[in-house]
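# Overview (structure and organization)
Residue strings, one per chain:
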Amino acid sequence: MDTLELLLHPVRLRIVHAMSGGHTRTTSDLCAGLPDVPKTTVYRHVGLLAEAGVLEVADEQRVHGAVERHYRLRRERTVIDADAAASMSLDDHRSGFAAAMAALHAEFNAYLDRDGADPTADSVGYRQGTVWLSPEELAEMVDVLRDVVVSRSRNKPAPGRSPHLLSVILFPADQAGPDPQADHRP
């Protein structure tokens, strides 16, 4: 299974999210963290991620006669680089976007189902808007956003920090309404 096919799946994306931050987790831990996903499905996808080298065994312990594995995420194996993204067909992009949205929807529902979920206090946001940009302005904005996100993604778990899922979606919108550059005098 290639990296694109491996990572562009909603359950595997959620497992990758759950494993971020340098944590080690057992498959049982992941099942507890993904209660809406059948246990057999979590076990199957953990197996696929481990087989592909996205998860590595950090420790093994015998528990009641069975071997319990503690997995760690290999972040470098979760990157879809520019060359891989450029090689994606339109259908690959369609499938990848659908997988990302399904994972995001499931994660958001899991958040809302938690005891004490408070979107206002937790600074939850899901705003959408249109920005008008020249190619140069778009490139500059993408660079600024990338710098901000990359700088924060290097944060390690620490007291006072909690994980937040950030999803950035950017694509050209259909130009709606009249051309703002057109002269509309009667």
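This text goes with the structure placed above it.
## Here's the deal with the environment of glutamate 56
Of note, glutamate 56 is situated in strand β2 (residues 55-63). In this structure the C-alpha to C-alpha distance between glutamate 56 and glycine 21, which are 35 residues apart in sequence, comes to 15 Å. In contact with glutamate 56, not counting residues within four places along its chain, are His70, Tyr71, Arg72 and Arg74.

## Some points on the pattern of salt bridges
Taken as a whole and judged by the stated rule, the model has seven salt bridges. Notably, a salt bridge pairs aspartate 36 with arginine 14, separated by 2.9 Å at the nearest N-O pair. Of the two residues, aspartate 36 sits in the loop between α3 (27-33) and α4 (39-51) while arginine 14 sits in helix α2 (residues 10-19), which places them 22 residues apart along the sequence. By relative accessible area, which is 47% here, aspartate 36 ends up partly exposed. For arginine 14, a relative accessible area of 4% translates into the label buried. Ionic pairing is found between aspartate 143 and arginine 146, a salt bridge with its closest N-O pair at 3.0 Å. Of this pair, aspartate 143 and arginine 146 both sit in helix α7 (residues 135-153), three residues apart, roughly one helical turn. You can call arginine 146 partly exposed: its relative accessible area is 44%.

## With respect to the nonpolar core
In terms of nonpolar packing, the biggest core is built from 17 residues, with Ile15, Met19, Val42, Val46 and Leu55 touching the most fellow members. Elements that contribute at least two residues to this core include exactly α1 (3-7), α2, α3, α4 and β3 (66-73). Top contributing element to this core by residue count: α2, with four residues. Residue contacts for valine 42: discarding those within four places in its chain leaves Ile15, Thr27, Leu30, Cys31, Leu34 and Val37.

Calculation rules
Residues numbered from 1 in each chain as written. Predicted model: local features only at pLDDT ≥ 70, side-chain atom pairs only at ≥ 80, totals over all residues. Heavy atoms only, no water. Helix = DSSP H or I, 4+ residues; strand = E, 2+ residues; numbered from the N terminus. Contact = heavy atoms within 4.5 Å. Salt bridge = Lys/Arg side-chain N within 4 Å of Asp/Glu carboxyl O. Buried < 20%, exposed > 50% of the residue type's maximum accessible area, 1.4 Å probe, protein only. Core = buried A, V, L, I, M, F, W, Y, C linked by side-chain atoms within 4.5 Å.

Treat this as a map of the structure, not an account of what it does.
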